[in-house]
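Listed here are the chains, written in short residue letters.
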Amino acid sequence: MEYRDLDVWKFSRKLVNSIYELTKSFPREEIYGLTNQIRRCAVSIPSNIAEGCGRRTSKDTIQFLYISRGSLYELETQLLLALDQNFINENQLKEIISQIESCKKLLNGFINYYKKLL
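Anyway, here's the lowdown on the structure attached to this text. (Residues numbered from 1 in each chain as written. Predicted model: local features only at pLDDT ≥ 70, side-chain atom pairs only at ≥ 80, totals over all residues. Heavy atoms only, no water.)

What to know about the nonpolar core
So, step 1. Grouped together as the largest cluster of nonpolar side chains are 33 residues, with contacts concentrated most on L15, I19, I38, I49, L75, L79 and I88.
So, step 2. Discounting residues that sit within four places of it in the chain, I49 has contacts with L6, V8, W9, S12, L65, S68 and L107. (Core = buried A, V, L, I, M, F, W, Y, C linked by side-chain atoms within 4.5 Å. Buried < 20%, exposed > 50% of the residue type's maximum accessible area, 1.4 Å probe, protein only. Contact = heavy atoms within 4.5 Å.)

Below you can see the structure in the form of structure tokens.
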């Protein structure tokens, strides 16, 4: 199966688009700070899923899926920091956290699938 056909990869791309849209309203002076960090973190999620799928062994694939999962937790933390700085509001946070949680569930299921192949 191609990584582009995976629901988890498709969903994580949608999450990236949501993050880019959300961070457009961040203060201009944050372009090289939290805005950049949040965007890079979000981009790493589908990127690591794709890279993992390109690996030769299930063990290697799982390692990249774990990196992707770690990025989801990092993204969540950065968004909480954005809330602390009043760059986003509670409703925006709630909406994006919901997407992150859905992505975590899909990713955990994909990791469990690969673990069974070991």
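With respect to helix α3 (residues 58-84)
So, step 1. End to end, α3 covers 39 Å across 27 residues, agreeing with the expected 39 Å (1.5 Å per residue, within 8%).
So, step 2. Downstream of α3 by one or two residues, N86 has phi in the positive range, about 60 degrees. (Helix = DSSP H or I, 4+ residues; strand = E, 2+ residues; numbered from the N terminus. Expected span 1.5 Å × (residues − 1).)

Observations regarding the pattern of salt bridges
So, step 1. Inspection of the entire model under this criterion finds five salt bridges.
So, step 2. Its salt-bridge partner being K24, residue E21 comes within 3.3 Å of it at the nearest N-O pair.
So, step 3. A single salt-bridge network, built from bridges that share partners, covers E76, E101 and K104. (Salt bridge = Lys/Arg side-chain N within 4 Å of Asp/Glu carboxyl O.)

Comments concerning the state of the cysteines
So, step 1. A complete count under the given rule lists zero disulfides for this structure.
So, step 2. Free of any disulfide, C53 has its nearest neighbouring cysteine sulfur in C103, separated by 13 Å.
So, step 3. The thiol sulfur of C103 is not disulfide-bonded, and the nearest other cysteine sulfur, from C41, lies at 11 Å. (Disulfide = S-S within 2.5 Å.)

What to know about the packing of α3 against helix α4 (residues 90-117)
So, step 1. Following both chains from N to C, one finds α3 and α4 inclined at 165 degrees, their axes separated by 10 Å at the closest point. Compared by their axis directions, α3 and α4 come out roughly antiparallel. In the packing of α3 onto α4, the handedness of the crossing is left-handed.
So, step 2. When grouped by side-chain class, the residues that make up the contact of α3 with α4 number 19 nonpolar, four polar and six charged. (Axes fitted to C-alpha atoms, helices over the stretch in contact; angles between N-to-C directions. Parallel < 35°, antiparallel > 145°, perpendicular 65-115°, else oblique. Left-handed = near helix turned anticlockwise from the far one by under 90°. Nonpolar A, V, L, I, M, F, W, Y, C, P; charged D, E, K, R; others polar.)

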